[in-house]
Amino acid sequence: WRRGRQNSAARVKDRPSPHVLEHVIAGLCYLASHGMPDLHLWIHDHDGASRKHTLLELNVGFMILTTSLGPTIWRHNVMPFGATAAVWAYNMVGDALVVLGRMLVACMCWHYVDGHSGAETASTAMSSSTSFERLNNILRAMMKPSKRKPPSQAQTLLGVDNVIGNDW
């Protein structure tokens, strides 16, 4: 994709604003300061992410693959996830799913590209996690079962080990 024209599919003047770790920490602090003790964090990851979204302009999806028999030309029907346009587009999908999760499931949730997380008290965190996953399944944005992390006070999120304490 680096030598292809896939990145020309991204015609944007701004940049995506995914939820980084600071957003999650701010959300946890907000929940704790509003009387929600014993917070637990859950994590989900979308299965297939950008492969679910087809290219509108197929002329940007070509690539040359060199084989032992010589070069071959291939056309992608979906954007390879390393391309700028794919990440940009998928951030908008993540934004929409977070808004729907907050409005329809009433859960505190965030996303970083195709990774989603949320937090609730220990008594409701499993319901929040399961409901968010069910909402995504209804919308055909399936989660990877292998990357599901059930609610816990200790999670690795965005490559950082996090432990939620009760002494806010």
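The residue numbers shown here count from 1 along each chain, following its written sequence. Totals for whole chains, interfaces and linings use every residue, but because this is a predicted model, local features are given only for residues with pLDDT of at least 70 and side-chain atom pairs only at 80 or more, for both listing and counting. As a convention, hydrogens and water are excluded, and side-chain values are obtained from all of the structure's heavy atoms.

**Student:** Give me the lowdown on the nonpolar core, citing residues and values where you can.
**Tutor:** Core analysis: the largest hydrophobic core is formed by 12 residues, namely Leu-21, Val-24, Leu-28, Leu-31, Ala-32, Leu-39, Leu-41, Ile-43, Trp-110, Ala-119, Leu-157 and Ile-164. Broken down by secondary-structure element, the contributors of at least two residues to this core are helix 1 (21–33) and strand 1 (39–45). Counting from the N terminus, the helices are the DSSP runs of H or I reaching at least four residues and the strands are the DSSP runs of E reaching at least two. With 5 residues, helix 1 is the single largest residue contributor to this core. Setting aside residues up to four positions removed in sequence, Ile-43 forms contacts with His-116, Ser-117, Lys-147, Arg-148, Lys-149, Gln-155, Thr-156 and Leu-157. Only buried residues count toward a nonpolar core. Its members are Ala, Val, Leu, Ile, Met, Phe, Trp, Tyr and Cys residues joined through side-chain atoms within 4.5 Å. Each residue is assigned to one of three classes by its accessible area relative to the maximum for its type, calculated with a 1.4 Å probe on protein chains only: buried under 20%, partly exposed between the two thresholds, exposed over 50%. Counting 6 residues, the second largest nonpolar core, distinct from the first, contains Trp-42, Val-98, Cys-109 and Phe-132. Should any heavy atoms of two residues lie within 4.5 Å, those residues are counted as being in contact.

**Student:** Which residues make up the packing of aromatic side chains, and what values do they have?
**Tutor:** By convention, a stacked pair of Phe, Tyr or Trp rings (six-membered ring in the case of Trp) has centres within 6.5 Å and planes under 30 degrees apart, an edge-to-face pair has planes over 60 apart, and any other such pair is tilted. Within the structure shown, the criterion is met by 1 aromatic pair. Geometrically, the ring pair formed by Trp-42 and Phe-132 is tilted, given 5.3 Å between the ring centres and 40° between the ring planes. Taken together, the residues Trp-42 in strand 1 and Phe-132 in helix 3 (residues 122–138) connect sequence positions 90 residues apart. Since its relative accessible area comes to 0%, Trp-42 is described here as buried. The exposure class of Phe-132 is buried, given its relative accessible area of 0%.

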